[in-house]
Amino acid sequence: MKRMKEYTPYHSPNDPCPPIGKKYYSTPPQLYIPFQPANLPQYSPKEALAKGTLWPAFYDYYDNPYRQRGN
Amino acid sequence: MWLYEKKLQYPVKVSTCNPMLAKFLVEQYGGADGELAAALRYLNQRYSIPDKVIGLLTDIGTEEFAHLEMIATMIYKLTKDAKPEQMKQAGLDAHYASHDSALFYHNASGVPFTTAYIAAKGDPIADLYEDIAAEEKARATYQWIIDMSDDPDLNDSLRFLREREIIHSLRFREAVEILKEERDRKVFF
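What you see is a predicted model; the values in this text were computed from it and never measured.

Here is what the cut-offs are and how they apply
Residues numbered from 1 in each chain as written. Chains lettered and ligands numbered in written order. Predicted model: local features only at pLDDT ≥ 70, side-chain atom pairs only at ≥ 80, totals over all residues. Heavy atoms only, no water. Core = buried A, V, L, I, M, F, W, Y, C linked by side-chain atoms within 4.5 Å. Buried < 20%, exposed > 50% of the residue type's maximum accessible area, 1.4 Å probe, protein only. Helix = DSSP H or I, 4+ residues; strand = E, 2+ residues; numbered from the N terminus. Contact = heavy atoms within 4.5 Å. UniProt positions renumbered as here; feature names shortened; annotations may be inferred.

Draft legend 1. Representation of the nonpolar core. Residues and elements named next belong to chain B. Counting residues in hydrophobic clusters, the biggest one holds 31 residues, and the most contacted among them are Leu25, Tyr29, Ile71, Met74, Ile75, Leu158 and Leu161. Listing elements by their share of this core, those giving two or more residues are α1 (20-30), α2 (35-45), α3 (54-79), α6 (124-148) and α7 (152-180). In terms of residue count, the dominant contributor to this core is α3 (seven residues). What Leu158 contacts, discounting residues up to four positions off in sequence, is Leu25, Met74, Tyr142, Ile145 and Ile146. With 13 residues, the next largest nonpolar core counts Ala38, Val53, Leu128 and Ala175 among its residues.

If you want it as structure tokens, here you go:
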């Protein structure tokens, strides 16, 4: 499932700046699993410390979504 | 009572000399949705919330101080070697005039920290929803800083902090479910 969502704001012919194109917003995993079920798979302790969570189901990598479009 | 461990929760490494990033990061230091506001909000709410979720607020509130310390380290590393001229170029001239390179609890626009940022309604559901919103706002702040930062090492630490906001949000959502006392009950509609 794609967690980074996007939409295109309306751009009027009278707007002063060139259109930004797509606007992005993040919808991370806690929105879809509001209560953690028991016995989910786990990362190794070392990996968990690096990622910030023990649970792959709740890991969400983030990067600047605008950069991918060459901005 | 607290025990202090003399290490950061996650390593902080800054690889490029870009004091302007300090200007952005201070939002998470003394801003409305920053780590100080979060720590004080949760630790204060503990006294007027059902027993079942006090421990959660203690844990998360404590961790927010560990995050505050990471942010402080980032700001310190970015500004400690900046000369007045570099502070000026980074847009930190007003900060320098008032504080030199000392850290101060204000937001990215220089507005000093205020306890008005901290909500405590006394209603457990209202307060927990406030906490969920605070975590999502802090997550968004980290995203916006990552979007503007081109320092891969700094972004690595910021990604860790963002992930923690996600987990905190999840735990507060679970706390709401626990207080609803509807779990493990068969519900027919």
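Additional details are given in the paragraphs that follow.
Draft legend 2. Quick peek at the UniProt feature "binding site: Ca(2+)" (unreviewed entry) in chain B. Residue and element names in this part refer to chain B. Here, the residues flagged by UniProt with the feature "binding site: Ca(2+)" (unreviewed entry) are Asp59. Among the structural elements, Asp59 can be located in helix α3. A residue is classified by how much of its surface remains accessible, and Asp59, at 55% relative accessible area, is exposed.

Draft legend 3. How the structure looks around the UniProt feature "binding site: Mn(2+)" (unreviewed entry) in chain B. All names here are of chain B. UniProt's feature table lists "binding site: Mn(2+)" (unreviewed entry) at Glu35, Glu64, His67, Glu135 and His168, given in the numbering used throughout. Across 134 residues in sequence, these annotated residues keep their C-alpha atoms within 12.7 Å of one another, forming a single compact spot. Within the secondary structure, Glu135 is located in helix α6. Residues in contact with Glu135, not counting those within four places in the same chain, are Tyr42, Ile60, Glu64, Glu165, His168, Ser169 and Phe172. Structurally, His168 can be placed in helix α7.

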